[in-house]
Amino acid sequence: MANDSMALLNDILHKDEGALLQNWVDTQVNSPNFRPDRTNRQELTDHSRRFLALLREAVKAGDSDIMASSWTGVREMLDELSVNRAQQGFSPSETATFVFSLKQPVFDRLKNAAGSGVEALSWLWPTNLLLDRLGLYTTEVFQRGRERVIIRQQQELMELSTPVVTLWEGVLALPLIGTLDSARTQVVMESLLQRIVDSGASIAIIDITGVPTVDTVTAQHLLKTVAAARLMGADCIISGIRPQIAQTIVHLGVDLGTVITKATLADAFAIAMKRLGLAVHKTQAAPRRRDESAPDARPSDDRREA
Amino acid sequence: MGEYLLVTIQVDMHDRLAMSLQDDLTSKIVSVHARGVLIDISALEMVDSFIGRMFGDIAAMSRVLDAETVVVGMRPAVAITLVELGLSLTGVRTALNIERGMELLRNLTESRGDDAGSTR
């Protein structure tokens, strides 16, 4: 039965492809899910024509399992279409309509070919199943496309949120903002260690001003990062500890061990400069009020090697 | 290298090799009266807990034999692995590369020499 039905479908797809394509595109354009702002008739016709051509080949092979190798072309086309639509912001049902809207024109033709009566129903069923499967397949791929977008954004967010800044030759700063969980610590640790290798820095300042809460897990992560940096030959200073966080750390009984901690990034930087044998001093008396509008005060010139 | 020993680990360490390194190193320290040991592990890509502990052991042994140990050139991946294994090598001094390690060793042995001189 299934094979007969496939043969019938094959006939239909071959007989009047022009009209079928026309009907199908009409159905798509008239459906409430049509998005004139995202796509147009021309594009839709192109997609539909390609799909019909691929579908014809697949149906010709006579296999009704859409996961079979003869359906690879159709699947690839749907993959591409769904992923594109997912990225363009179509909804899943708008995407699946592409396939489901093919039902109407195909069924009309099946009806004509098979005549009326109970038998016609049995002709319809396998085709119905086939188109349903294809439609569901688009939805699945659409979902996967969306998920990929989300994952990519997550990764980007993670990389964006963990910049390693060079404060001075040999001094790195790692301003942490947001909650520290295991995955993020991993990224933080990796990027910090890599930068230590690249820049040959001997001091790293981890600034936790932007970390809202510190619990035992976060503290553990911080200590791990410090330990790893130490193994690479760099000393770590933790700065930006707010009063509440200091209280929490003590109440939780977290032992920060021998790690140097400072209240502000400036204090930490001062320590770092001292370690490197550098000092900050003024090169001249503070400029008078009038001079403040001078093009550059060049604050970096104030720092000179001791 | 003068009064310092330089150990470069070029191959992946396995346990037997690690043990023989310990033996060789300790006997070498004694025979050349080394004041410092520099272990370069920049070629080491994989560590396990045993190797990690071995570094700690070597440092402790050298200390007993009056030599300072500095581990240099650890790769980021190796550092992360060791920390995840819970081995932060507290007794071992580390440096980024051989140059820095040498500097550190020199400082260490000098300051120690000064201390010895002042107590005399």
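Residues numbered from 1 in each chain as written. Chains lettered and ligands numbered in written order. Predicted model: local features only at pLDDT ≥ 70, side-chain atom pairs only at ≥ 80, totals over all residues.

### A closer look at the overall build of chain A
- For chain A, the count of helices and strands is 11 helices and seven strands.
- Going through the 306 residues of chain A one by one, you find that 30% of them count as buried. (Helix = DSSP H or I, 4+ residues; strand = E, 2+ residues; numbered from the N terminus. Buried ≥ 20, exposed ≤ 12 C-beta atoms within 10 Å, placed from the backbone.)

### Considerations on the sheet that holds strand S2 (residues 36-40) of chain B
Residues and elements named next belong to chain B.
- If you trace the four strands from one edge of the open sheet to the other, you get S1-S2-S3-S4, paired in parallel fashion. Two strands in the sheet have a free side with no partner beyond their single neighbour: strand S1 (4-8) and strand S4 (93-95). Averaged over all pairs of adjacent strands, the angle between strand axes in this sheet comes to 25 degrees, irrespective of strand direction.
- Relative to strand S3 (residues 68-72), S2 is paired through five bridges, and the arrangement is parallel. Within S3, the position partnered with Gly36 by the bridge is Glu68. (Pairing = 2+ DSSP bridges. Axes fitted to C-alpha atoms, helices over the stretch in contact; angles between N-to-C directions.)

### Considerations on the interface of chain B and chain A
- Listed as interface residues are 13 residues of chain B and, on the opposing side, 15 residues of chain A.
- Taken together, the elements giving at least two residues each to the side of chain B that touches chain A come down to helix H3 (76-84) and S4 of chain B.
- Here the element with the most residues in the side of chain B that touches chain A is H3(B); it accounts for five residues.
- Of the residues belonging to the side of chain B that touches chain A, the class tally is 10 nonpolar, two polar and one charged. (Contact = placed C-beta atoms within 7 Å. Nonpolar A, V, L, I, M, F, W, Y, C, P; charged D, E, K, R; others polar.)

### Topic: the nonpolar core
- Residues Ile196(A), Ala204(A) and Ile205(A) are the most contacted members of the largest nonpolar core, which totals 67 residues.
- Examining the composition of this core, we find that seven residues originate from one element, helix H9 (residues 216-231) of chain A, more than from any other.
- Those residues in contact with Ile196(A) that sit more than four places away from it in its chain are Leu172(A), Ala201(A), Ala204(A), Ala229(A), Met232(A), Ala234(A) and Leu96(B).
- In terms of nonpolar packing, the next biggest core, distinct from the first, is built from 31 residues, Leu9(A), Leu81(A), Ala86(A) and Val99(A) among them. (Core = buried A, V, L, I, M, F, W, Y, C linked by C-beta atoms within 7 Å.)

### Here's the deal with the pairing of S2(B)
Residue and element names in this part refer to chain B.
- When you tally the buried positions in S2, you get five out of five residues, the bulk of the element.
- Burial along S2 is two-sided: Gly36, Leu38 and Asp40 facing one way and Val37 and Ile39 facing the other are all buried.
- With five bridges connecting them, S1 and S2 associate as parallel partners. Counterpart to Thr8 in the pairing with S2 is Asp40.
- Taking the sense of rotation as the criterion, the β-α-β connection linking S1, helix H1 (residues 15-32) and S2 turns out right-handed. (Right-handed = clockwise from strand over helix to strand, strands pointing away.)

### Some words on the sheet that holds strand S5 (residues 260-261) of chain A
Residues and elements named next belong to chain A.
- An order of S1-S2-S3-S4-S5 is seen for the five strands of this open sheet, with the pairing classed as mixed. Of all the strands in the sheet, just strand S1 (165-168) and S5 have a single pairing partner and so form its edges.
- Two strands pair when backbone bridges link them, and strand S3 (residues 203-210) and strand S4 (residues 235-239) are joined in this way by five bridges, in the parallel orientation. By the bridge assignment for S4, Ala204 is matched with Cys236.
- Against the sheet, helix H8 (residues 182-199) contacts S1, strand S2 (171-177) and S3, and its axis sits at roughly 165 degrees relative to S2.
- The strands that helix H11 (residues 265-275) touches are S1, S2, S3, S4 and S5; relative to S3, the one it contacts most, it runs at about 175 degrees.

### A look at the packing of H1(B) against helix H2 (residues 49-64) of chain B
All names here are of chain B.
- In the contact formed by H1 and H2, the axes pass within 11 Å of each other and the chain directions differ by 10 degrees. In this view, H1 runs roughly parallel relative to H2, as classed from their interaxial angle. Across the interface between the two elements, Asp15, Ala18, Gln22, Leu25, Thr26 and Ile29 of H1 pack against Phe50, Ile51, Met54, Asp57, Ile58, Met61 and Ser62 of H2.
- Considered class by class, the residues forming the contact of H1 with H2 number eight nonpolar, three polar and two charged. (Parallel < 35°, antiparallel > 145°, perpendicular 65-115°, else oblique.)

### Here's the deal with the environment of Val59(A)
All names here are of chain A.
- Looking at the secondary structure, you find Val59 in helix H3 (residues 41-61).
- Along the sequence, Val59 and Leu13 sit 46 residues apart, while their C-alpha atoms lie 8.9 Å from each other.
- Apart from the residues within four sequence positions on either side, Val59 is in contact with Met6, Leu9, Asn10 and Leu13.

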